[in-house]
Amino acid sequence: MRADFSKKTVSVIIIMIIIISGILAFVIYQNGKKIVSAPVEINTTSPQKSVIGLSVQGREIEAFTYGKGSTTLAFVGGIHGGYEWNSVLLTYKLMDYLEANPETIPKNISVIVIPALNVDGVSKVVGKDGRFTVTDVPNDIEQTKVGRFNMAGVDLNRNFDCSWQATSTWQSKIVSAGKFAFSEPEAKAFKNFVLKNNLSAVVFWHSQSNGVYASMCQNGILPGTLDLMNTYAKASGYPAQKSFDSYAITGAADDWLASINIPAVSVELKTHESIEWDKNLPGILALFKYYTK
Ligand SMILES: [Zn+2]
């Protein structure tokens, strides 16, 4: 009896050990799987946020990266700050779209969005930092004009190193282009960002000259810029423009990119108020397709 009892007890203990081990192994495996897979899931939908530099007033200039490909496309809003606030809202729309539809970014492509290069100028007009909506914007366009310049009074899109001059023009006005090329922290931050990232193309959003404008410095329009301009123009419906002839511009950011062989265009929205998503989304998706080749 005693021997039988012992055998039974040992058998029961062995079976229980097997069952408990199985349960433990399952739990550990499940937890392990969760721990390993969680960051991957986050990375495919959420952007990587980085700060490319600080503004005159010390605000962070943010960049958001979507996708993991080695072909990098950059979209930049608000180089003219609060005066062109709709270009900033357009970047928010793109960011929300990419977060909700990560599968639209081809595997070989990364997208970097800089919502506002002149972040102080945006804040001055909308009265807050970070995301804003159209309800934060003054109705009177005159009140937005001061937000075009950075807080040193410089037009950032005249502060870059292509035919730079101390003063330049905006419509019929003379504007400050800074003490020297890249004298302004915002322009310098963008320069460092460009030199650090191997960009295949850059799109600046402005308003309101209704067109896709090619960039060019001393050596004419880059073939890659012509393709970029024509691809975006055809898909969006904005007219393709090889040059901006309304008034003379020196020290423009896209023209500096041309000087270092990076294709770039300035897409001018048609108005100061709309984001024209129905035109810009096809333009963006056409670039994704073009750069998938
Ligand atoms: Zn502009």
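Since we're looking at a predicted model, the values are computed, not measured.

> So what's going on with the overall build of the protein chain? Residues and values would help.
The helix and strand inventory of the protein chain stands at seven helices and 10 strands. Every one of the 293 residues in the protein chain was classed for burial, and the buried ones make up 43%.

> If you had to explain helix 7 (residues 277–292) to someone new, which residues and values would you point to?
The end-to-end C-alpha distance of helix 7, which contains 16 residues, comes to 22 Å, matching closely the 22 Å that a straight helix rising 1.5 Å per residue would cover. When we look at burial in helix 7, the residues that qualify are Asn280, Gly283, Ile284 and Leu287. Here the buried residues of helix 7 occupy an arc of 95° about the axis, which is enough to place them on one side. Each element contacted by the buried residues of helix 7 is listed here: strand 3 (71–76), helix 2 (85–100), strand 7 (199–207) and helix 5 (223–236).

> Report on unusual backbone geometry, specifying residues and quantitative values.
The step from Ser207 to Gln208 runs through a cis peptide bond, and the omega angle for that step is 15°. Its place among the elements puts Gln208 in the loop between strand 7 and strand 8 (211–214). Phi at Phe182 takes a positive value of approximately 65°, unusual for a residue other than glycine. Turning to its location among the elements, Phe182 is positioned in the loop between strand 6 (173–176) and helix 4 (185–196). Taking the C-beta count within 10 Å as the criterion, Phe182 has 20 such neighbours and is therefore assigned buried. Look at Asn210: it is not a glycine, yet its phi comes out positive at around 50°. Here Asn210 lies in the loop between strand 7 and strand 8.

> Account for the confidence of the model for the protein chain, with residues named and values stated.
Any segment with low pLDDT has predicted coordinates that should not be analysed in fine detail. On average, residues of the protein chain score 90 in pLDDT, and 84% of them are at 70 or above. Segment residues 31–43 is flagged for pLDDT under 50; beyond a separation of four residues in sequence, or across chains, it makes zero contacts in the model.

> I'd like to hear about the sheet that holds strand 2 (residues 60–66), residue by residue, with values.
Across a sheet, strands are paired by hydrogen bonds formed along the backbone, either parallel or antiparallel in direction. With mixed pairing, the eight strands of this open sheet are ordered in space as 1-2-4-3-7-10-8-9. Only two strands of the sheet have a single neighbouring strand rather than two, namely strand 1 (48–54) and strand 9 (240–241).

> Please provide a residue-by-residue account of the pairing of strand 1, values included.
Where strand 1 and strand 2 come together, six bridges link them in antiparallel fashion. The partner of Lys49 across the bridge, within strand 2, is Phe64. In this antiparallel pair of consecutive strands, strand 1 and strand 2, the connection spans five residues, and Gly58 shows a positive phi of 85°.

> Describe the pairing of strand 2, listing the residues and the values that go with them.
Sheet faces and side chains relate simply in a regular strand, where the side chains alternate between the two faces. Here three bridges tie strand 2 to strand 4 (residues 109–114), and the two strands are oriented antiparallel to one another. Its bridge partner lying in strand 4, Thr65 is registered against Ile112.

> Account for the environment of Trp205, naming residues and giving values.
Mapped onto the secondary structure, Trp205 falls in strand 7. Among the residues examined, Trp205 registers 27 C-beta atoms within 10 Å and is labelled buried. Sequence separation between Trp205 and Ser87 is 118 residues; the distance between their C-alpha atoms is 5.4 Å. Not counting chain neighbours up to four residues away, the residues in contact with Trp205 comprise Phe75, Val76, Gly77, Ser87, Leu90, Thr91, Val267 and Leu269.

> Can you break down the packing of helix 5 against helix 7 residue by residue, with the values?
Where helix 5 contacts helix 7, the two axes come as close as 7 Å, and the packing angle between them is 135°. Between helix 5 and helix 7, the angle is such that the two are oblique. Every pair of crossing elements has a handedness; the one defined by helix 5 and helix 7 is right-handed. Facing Asp227, Thr231, Tyr232, Ala235 and Ser236 of helix 5, the residues of helix 7 in contact are Lys279, Asn280, Pro282, Gly283, Ala286, Leu287 and Tyr290. Class assignment of the residues belonging to the contact of helix 5 with helix 7 gives a composition of six nonpolar, four polar and two charged.

Calculation rules
Residues numbered from 1 in each chain as written. Predicted model: local features only at pLDDT ≥ 70, side-chain atom pairs only at ≥ 80, totals over all residues. Helix = DSSP H or I, 4+ residues; strand = E, 2+ residues; numbered from the N terminus. Buried ≥ 20, exposed ≤ 12 C-beta atoms within 10 Å, placed from the backbone. Expected span 1.5 Å × (residues − 1). Arc of directions from axis to C-beta. Contact = placed C-beta atoms within 7 Å. pLDDT = per-residue confidence, 0-100. Pairing = 2+ DSSP bridges. Axes fitted to C-alpha atoms, helices over the stretch in contact; angles between N-to-C directions. Parallel < 35°, antiparallel > 145°, perpendicular 65-115°, else oblique. Left-handed = near helix turned anticlockwise from the far one by under 90°. Nonpolar A, V, L, I, M, F, W, Y, C, P; charged D, E, K, R; others polar.

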